[in-house]
Amino acid sequence: MQFQRIVTGKIKSDLYYDLIELFSGLFLAGFLGMHLIFESSIIAGKKVFNNLSQTLDENYLALAGISLVVVVFFIHFLTAGRRIPTRCKEQKIIWHHTGRLRHLNTWAWVLQIITGIIILILGSIHMWVVVTDRPIKAETSALRIQSGYLWFYVILLLLSVVHAGIGIYRQFIKWGWFPRKPLGYVIGFISIFFILLGFTALFTFLRAGGL
Amino acid sequence: MNTIVTDVLIIGAGLAGERTAIEAANQGLDVIILSLVPPRRSHSTAAQGGMQAALGNCAMGRGDNPSIHFEDTVKGSDWGCDQDVARLFCETAPTAVRQMAYWGVPWNRVAAGRKRLPGGQEIYELKEYEGLITARNFGGTAKWRACYTADGTGHTIQYTLDSIVIKLGIKVHDRMEALRLIHNGDKCMGVVARCLRTGKLYTYISKSTVLATGGCGRLYGASTNAVINEGSGMFLALETELVPLGNMEAIQFHPTGLVPVWILITEGARGDGGYLLDKNHHRFMPDYEPKKKELASRDVVARRMIMHMRKGYGVESPYGPHLWLDIRHLGEKHINTNLREIANICRNFAGIDPVNELIPVRPTQHYSMGGVRTNINGAVYGIKGLFACGEAACWDLHGFNRLGGNSLAETIVSGMIVGKKAAEYTLGTELTYSYQQVNNHYNIVRQKIKNIIGGKLNKKRHENVFELKNIMEDVLMKHVGIFRNGKDLLKAVNALQELYHRSRNISLRSSGTGASPELGLALRLPGMIKLALCVAYGALKRTESRGSHYREDYPRRDDKNWLKRTLAYWPEEKDLPCLKYEPVKITEIPPGDRGYGESPGKGGTS
Amino acid sequence: MKNRELTLNIFRYDPNIPGREPYMQPYSLQETEGMTIFIALNQIRENQDPSLKFDFVCRAAICGSCGMLVNGRPRLACKTLTRDLPEVITLMPLPVFKLIGDLSVDTGSWFRQLSIKTGAWVHSDKSFNPNCQEERMSNETALKIYEAERCIECGCCIAGCATANIRDDFLGAAGLYKIARFMVDPRDERPEEKYFDVVSSEEGVFGCLGLMACEDNCPMELPLQVQLAYVRRKMALIGFRV
Ligand SMILES: Cc1cc2nc3c(=O)[nH]c(=O)nc-3n(C[C@H](O)[C@H](O)[C@H](O)COP(=O)(O)OP(=O)(O)OC[C@H]3O[C@@H](n4cnc5c(N)ncnc54)[C@H](O)[C@@H]3O)c2cc1C
Ligand code: FES
């Protein structure tokens, strides 16, 4: 072993990083699910949506929740992002490798990196907007969506669900919590469900727009 | 000249080579192993079946002991083996197996309880043996004695031995091919070798050298052996002009090579209850061998199969006639677990699912009993400081027929013994060599290479090395196979002699620079043809039938004239080996009936 | 079956000749019944180009010598039937391993280094007593160890692994599988922390991204995911204990 490795001794940081990545990811995926479910309350009507939002706000849940999410969001970026090939040479190798191999899960990972980076940007914008535009109301949300933000949300929705789905799939694989094949199907179905749910909500906002 | 100096130089990183290396390293000696391939790729890993050792733990092996093993081995060899060697081997084998267990081989173990054998027989494994090493059935033995790890016995033993080699820090120079032994007419001092990564030549100087280069199956066109088993250690020794090869005519054919790729379907298939069927789907072996049926000794089964095919019961195919191996009745579960490797081979290489299809098989070259002749200590005849063990050697444990499972055991046991003896020798000797002598040998190799590469101009004919090799393979397959006779053997000898002359005019079609594979073969081929001649000429001269050597014109064993071992020498500038003979050592069991083989069943002849 | 005319595009490169650039060379070949890449390559060497370098030993998918990229995917060439491939076949050497020439790579040295790095032998303070019976072991344990030792070190998992392609020090599936083999072996007396030192880093199990190209390309169809997950869980547990 080399000198610098001997003097640094054994470290557990890689384990901790891995766990932080895991739990922050799971948290964010969970949050994404809740977020989409809350949001889809618009389908049941403007009132339901506003009431829900108000309840959360009154109990400071929204404030606490949003701040936590923002922190975890960036922690997740820092821990998961350390795996992203950063050097040009590496990226080229990976690109060649993935192209040759034609392997679904490897493609999925490349997709996850790309979605992750875009989410980092779009998610940040989204959070900024929401935080500065509080409290959350059906009217403001609808207005936002009608004023050209629709495509922004369509993309963010798709990317987030895909990113979360692949992430959870890979974590389950890595820890061996579930057999591979059925896991793929289950996560696929759940992802499609959330995408549909999100679309319906967006559509409702768009329609509700006339108000 | 790149020179490397060591105490003990071992050529070959198969089981025999690595076991020897460990023994020598444990005596505190500096050991280097050379190998054509990384150790774990050696041919030994392909052995699936098992390793014989009289442990007597399993129900069907109860009461077993080294003496019964000894008796099986001697009978199996058709009294061609040296009995003092066989005795030493059988006594040591149990320790060898246990030591491998200590080092990490996951031998299958006895699980207590009642069991039903595929044949319907019920056996009971005793509680008191539970957890000890168990064994399976192999052809030609009185007891179940082949210790095994599922279907990867050779693999696990090789991986375990190699792990110990790594642990001990023994140096392995892989992709390094020994081309010539360095000697001074009295003593061996190492080898000249060619690096198969770069093509560079090296000289290795050592106090003692051990040949553990494996068999020469690839002399034959249809062989179960790995493609690197070209017998190079044997012709290296032969080319010293001092060292004889023993019993080269003793070639074993395995009854069940998969048609047409010649991959071995192990004895395990029949041991677990597989049948051999003919074109009418008739199970014919009980007709010939009512008692042992499919599990008679290998040479017997192989001969019965050929005989049955000659009678017209073979299945016709583009690759010649063959027979069927049937394991369907063993059931899907058994096939996919216990015989998984066999099932995979059938699926991957023949597109056959043995769970519900028949497997096409035919006897195929499998093992060379002959090799570099050594004494009981593994010391090679005729030269000091040179040892040999494993399949490359003629120690002589197998005589004219090797029992299934005895050769894995031989590699380990002989490795232990020869390693120790080589170490003793090494500790008692000095490293003396003259630069001049080493340089001479080095230059001979260099000149050879030059002649092959640059010789295009001054040669009358430009022979293609691949073409010559194919001819050699065909000649042996056709005329020096399972059934032999004087006429065909003479044809073979003549054809091989001509081939030998042609091999002096080999020209390359590639540049031959660097690690050229064509040059590699061109360097080996003349030696291989010499070995082929030793096989064919030895067979021609041996006018009797013994073990796997079966002469149609001399169908009986002739103890009066032939209870002896062939020793083939090769004087340079000759195109035939010079044959001498020595008596076989008989210490305990005088020649008699083999007992289990060749019973005069209703389908049999003699 | 109609016998096709195959085209094999083969990667050619000799690192020993300075200044020589790699290139792809096409060879045409008549397909025969039951032809494998092993048969095809040997025919090319015998009849067309004797300088072509590739490695085969057992030609029976046992020894692990013949890993190469067949149409981009790591395969054992000896057990790849041409009938399962299109008419144009591309052959390239395995990535990650040192290139010896053409299709030949040095998997042997890589795996040897791996064994040294992971201490891949049974660590025990007991000495062998030739006069004693072997230590007992249940047959299930024996089979479990065997299952974990079935890797043939062909390198296909490593070549397929994205991480291994960019991280020279990554143990890869083969390395972690090897460690699992000794973890399930009761004869190995290594304290658990020893394993932690070797594998609980980015070079080891926590460098794994879970892409499973290893499992999907393993010619032996080893349960790599299950074993890798086992090592990961075990390492996490040990990590909190030590
Ligand atoms: C398919 C098959 C299955 C078998 N199954 C069984 C079985 O179940 N039970 C059993 O007992 N036996 C079995 N055998 C026989 C047994 O496997 C071999 O006899 C035994 O493994 C030989 O071991 P070895 O160490 O002598 O040689 P090998 O394992 O062949 O090793 C030879 C070594 O020498 C090296 N070498 C060769 N030439 C040179 C050179 N010129 N320079 C440098 N290095 C060189 C090679 O690289 C290799 O490392 C089987 C054989 C076959 C073909
Ligand atoms: S040649 Fe041995 S695995 Fe292909």
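Residues numbered from 1 in each chain as written. Chains lettered and ligands numbered in written order. Predicted model: local features only at pLDDT ≥ 70, side-chain atom pairs only at ≥ 80, totals over all residues. Heavy atoms only, no water.

Student: Help me out: how do you make sense of the pattern of salt bridges in this one?
Tutor: Here the idea is simple: oppositely charged side chains can pair when their charged atoms come close. With the rule as written, the count across this model stands at 74 salt bridges over all chains. Between B:E544 and B:R542 there is a salt bridge, with the nearest N and O atoms lying 2.8 Å from each other. Both residues of the pair, B:E544 and B:R542, count as buried. Shared partners join several salt bridges into a network, and the residues in it are A:D18, A:E21, A:R82, A:R83, C:R167, C:D169, C:E202 and C:R232. (Salt bridge = Lys/Arg side-chain N within 4 Å of Asp/Glu carboxyl O. Buried < 20%, exposed > 50% of the residue type's maximum accessible area, 1.4 Å probe, protein only.)

Student: Sorry, what's going on with the site of ligand 1 here?
Tutor: All names here are of chain B. Around ligand 1, a shell composed of 40 residues is seen, among which S42, S44, E391, S407 and L408 lie nearest. One nitrogen or oxygen atom from the main chain of L15 is found 3.1 Å from an oxygen atom belonging to ligand 1. A distance of 2.8 Å separates a nitrogen atom of ligand 1 from a polar backbone atom of A178. Out of a free accessible area of 1000 Å², ligand 1 has 98% covered by protein chains. Looking at which element gives the most residues to the shell around ligand 1, the answer is helix α11 (residues 406-427), with 4 residues. Across the shell around ligand 1, the residue classes tally to 16 nonpolar, 21 polar and 3 charged. (Near = heavy atom within 4 Å. Polar contact = N/O pair within 3.5 Å; in protein donor to acceptor, adjacent residues only side chain to side chain. Areas by Shrake-Rupley, 256 points an atom, 1.4 Å probe, with all protein chains shown as cover. Helix = DSSP H or I, 4+ residues; strand = E, 2+ residues; numbered from the N terminus. Nonpolar A, V, L, I, M, F, W, Y, C, P; charged D, E, K, R; others polar.)

Student: For this particular structure, what's the right way to read unusual backbone geometry?
Tutor: With the exception of glycine, the majority of residues adopt a negative phi angle, and the majority of peptide bonds are in the trans configuration. Residues and elements named next belong to chain B. Cis rather than trans, the peptide bond between V259 and P260 has omega equal to 0 degrees. Within the secondary structure, P260 sits in the loop between β12 (251-258) and β13 (263-264). The step from W395 to D396 runs through a cis peptide bond, and the omega angle for that step is 10 degrees. Within the chain, N247 stands out as a residue other than glycine whose phi angle is a positive 45 degrees. Positionally, N247 belongs in the loop between β11 (245-246) and β12. Overall, N247 belongs to the buried group, its relative accessible area being 0%.

Student: In this structure, what is going on with the sheet that holds strand β16 (residues 359-368) of chain B? I would like to understand it.
Tutor: Backbone hydrogen bonds hold the strands of a sheet together, and the pairing may be parallel or antiparallel. Residues and elements named next belong to chain B. Pairing is antiparallel in the open sheet, where 5 strands are placed in the order β13-β12-β16-β15-β14. Among the strands making up the open sheet, the edge pair consists of β13 and β14 (275-277). As paired strands, β12 and β16 are joined by 6 bridges and run antiparallel to one another. The residue bridging H254 from the neighbouring strand is T364, located in β16. (Pairing = 2+ DSSP bridges.)

Student: Sorry, what's going on with the confidence of the model for chain B here?
Tutor: Low pLDDT means the predicted coordinates in that region are not meant to be read closely. Residue and element names in this part refer to chain B. With 97% of its residues at a pLDDT of at least 70, chain B reaches an overall mean of 93. This stretch, residues 599-606, has a pLDDT under 50; its non-local contacts, to residues over four places away or in other chains, come to 19 contacts. Interface predicted TM-score (ipTM) for the complex: 0.97; the corresponding pTM is 0.94. (pLDDT = per-residue confidence, 0-100. Contact = heavy atoms within 4.5 Å.)

Student: Hey, could you run me through the sheet that holds strand β3 (residues 67-70) of chain C in this one?
Tutor: Residues and elements named next belong to chain C. One open sheet holds the 5 strands; their spatial order is β2-β1-β5-β3-β4, and the pairing between them is mixed. At either margin of the open sheet sits one strand with a lone partner, and together these are β2 (23-30) and β4 (73-76). Each strand of the sheet is rotated relative to its neighbour by a mean of 35 degrees, with strand direction disregarded. Note that strand β1 (residues 5-12) and strand β5 (residues 88-92) share 4 bridges and pair parallel. Bridge assignment links T7 to a residue of β5, and that residue is V88. (Axes fitted to C-alpha atoms, helices over the stretch in contact; angles between N-to-C directions.)

Student: What is the right way to read a nonpolar patch on the surface from this model?
Tutor: Taken together, the side chains of A:Y16, A:I20, A:V71, A:I75 and C:F240 define a hydrophobic patch exposed on the protein surface, amounting to about 450 Å² of accessible area. Looking at the nonpolar patch, the elements that each hand over two or more residues are α2 (13-39) and α4 (61-81) of chain A. Structurally, C:F240 can be placed in helix α9 (residues 224-241). (Patch = residues over 30% accessible without salt bridge, like charges linked within 9 Å, V, L, I, M, F, W, Y side chains within 5 Å.)

Student: Sorry, what's going on with empty space enclosed by the protein here?
Tutor: Where empty space is left can be seen by rolling a probe of water-molecule size over the atoms. Under the criterion given, the structure shown has 14 cavities of 30 Å³ or more. Roughly 150 Å³ of volume is contained in the second largest cavity. Along the wall of the second largest cavity there are 15 residues; nearest its centre are B:Y159, C:E149, C:K178, C:R181 and C:F182. Secondary-structure elements contributing two or more residues to the lining of the second largest cavity are α4 (153-167) of chain B together with α6 (172-183) of chain C. No other element matches α6(C), which puts 4 residues into the lining of the second largest cavity. For the lining of the second largest cavity, the residue count by class is 8 nonpolar, 3 polar and 4 charged. (1 Å grid on protein atoms, 1.4 Å probe; cavity = no way out; pocket = protein on both sides within 12 Å on 5 of 7 lines; lining within 4 Å. Points joined across faces, edges and corners; volume = space filled by probe spheres on them.)

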